[in-house]
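# Structural characterization, general
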Amino acid sequence: LVVGSLLGIAKVNGVMLDLFTMVSGTIVVGFSFDYTLHFCCSYQQSKSATREERVLDGFSSMGPTLLAASITTSGSLALMSFTDAQMMIILANFVVGVAILSLLMTLFYFAPLCALLGPDIPAVSKGNVSVSMADHSVLQSETYKLTTAADSSPLSERDDNTSKTDVCK
């Protein structure tokens, strides 16, 4: 959505789709979902009970960070616009555009979608058991023990008494 919007804005402003434009468009794909992903993780990790509270938690924990990231990214790459290299100018314009559009889409499109359609009640996990607060059902999760390449036995089954047990879910 962000890259498509950026390419549409570029076309409306008369930017020709040449090699430099397409390379720049490909490079900024990774930037296009970065802020949304960070906000999504913050929303998922919130301990609040309602969607609206979880969105507010996301705004309070990630909002300033996303805004600062957008400002620093845009500010540093805007300086590239003053070079004579056409590729650098196009790349700088695309990255600045994606940083701004991604921030706007995250704050004004994705966050309201989370408030309307996001998961309402978070799952609380304790040890190997996941408890869903919605229906109070208990779900067993699988536990894996890490092994070393030299020894195929799990680290917890070794003879030494040091605490080397790592459990992954």
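All figures in this text were calculated on a predicted structure; none of them were measured in a lab. (Residues numbered from 1 in each chain as written. Predicted model: local features only at pLDDT ≥ 70, side-chain atom pairs only at ≥ 80, totals over all residues. Heavy atoms only, no water.)

When helices and strands are tallied, the chain shows six helices and five strands. The order of helices and strands in the chain, counted from the N terminus, is α-α-α-α-α-α-β-β-β-β-β. Split into buried and exposed, the 169 residues of the chain put 29% on the buried side. By sequence separation, contacts in the chain at least 24 residues apart represent 59% of the contacts at least 6 residues apart. (Helix = DSSP H or I, 4+ residues; strand = E, 2+ residues; numbered from the N terminus. Buried < 20%, exposed > 50% of the residue type's maximum accessible area, 1.4 Å probe, protein only. Contact = heavy atoms within 4.5 Å.)

Among the secondary structure elements, Ser-32 is positioned in helix H3 (residues 29–32). Among the residues examined, Ser-32 registers a relative accessible area of 12% and is labelled buried.

Tracing the sequence through the fold places Phe-82 in the loop between helix H5 (51–78) and helix H6 (86–117). Taking relative accessible area as the criterion, Phe-82 reaches 69% and is therefore assigned exposed. Between the C-alpha atoms of Phe-82 and Ala-92, which are 10 residues apart in sequence, the distance is 9.7 Å.

This next bit is on the packing of aromatic side chains. Taken as a whole, this structure holds two aromatic pairs when the rule is applied. Chaining the aromatic ring pairs together yields one cluster made of Phe-39, Phe-59 and Phe-110. (Phe/Tyr/Trp six-rings, centres within 6.5 Å; stacked < 30°, edge-to-face > 60°.)

Here we come to helix H4 (residues 34–45). Think of an α-helix as 3.6 residues a turn; residues three or four steps apart then line up on the same face. Over its 12 residues, H4 runs 17 Å from end to end, which matches the ideal 16 Å to within 8%, given 1.5 Å per residue. When we look at burial in H4, the residues that qualify are Tyr-35, Thr-36, Phe-39, Ser-42 and Tyr-43. What you see down the axis of H4 is that its buried residues fit within an arc of 125°, all on one side. Close packing links the buried residues of H4 with H5 and H6. (Expected span 1.5 Å × (residues − 1). Arc of directions from axis to C-beta.)

Further remarks concern H6. If you check H6, its first and last C-alpha atoms are 43 Å apart, about what 32 residues at 1.5 Å a residue would give, namely 46 Å. Taking the largest bend as the criterion, H6 deviates by roughly 35°, centred on Thr-106. (Bend = angle between axes of the 7 residues up to and from the residue.)

Another point: the side chain of Ser-48. Here Ser-48 is to be found in the loop between H4 and H5. Assessed through its relative accessible area of 14%, Ser-48 is described here as buried. Of note is the side chain of Ser-48, whose polar atom sits 2.5 Å from the side chain of Asp-57. (Polar contact = N/O pair within 3.5 Å; in protein donor to acceptor, adjacent residues only side chain to side chain.)

The predicted model of the chain has a mean per-residue pLDDT of 78, with 71% of residues at 70 or higher. In this model residues 129–149 is a low-confidence stretch, pLDDT under 50, and it forms 43 contacts with partners more than four residues away in sequence or in other chains. (pLDDT = per-residue confidence, 0-100.)

Across the interface, helix H1 (residues 2–12) lies against H6 with an axial gap of 9 Å and an inter-helix angle of 125°. In terms of axis orientation, H1 runs oblique to H6. Where H1 crosses over H6, the handedness of that crossing is right-handed. Where H1 approaches H6, its residues Val-2, Ser-5, Leu-6, Leu-7, Ile-9 and Ala-10 are matched on the opposing element by Phe-94, Gly-97, Val-98, Leu-101, Ser-102 and Met-105. Taken together, the residues of the contact of H1 with H6 break down into nine nonpolar, three polar and no charged. (Axes fitted to C-alpha atoms, helices over the stretch in contact; angles between N-to-C directions. Parallel < 35°, antiparallel > 145°, perpendicular 65-115°, else oblique. Left-handed = near helix turned anticlockwise from the far one by under 90°. Nonpolar A, V, L, I, M, F, W, Y, C, P; charged D, E, K, R; others polar.)

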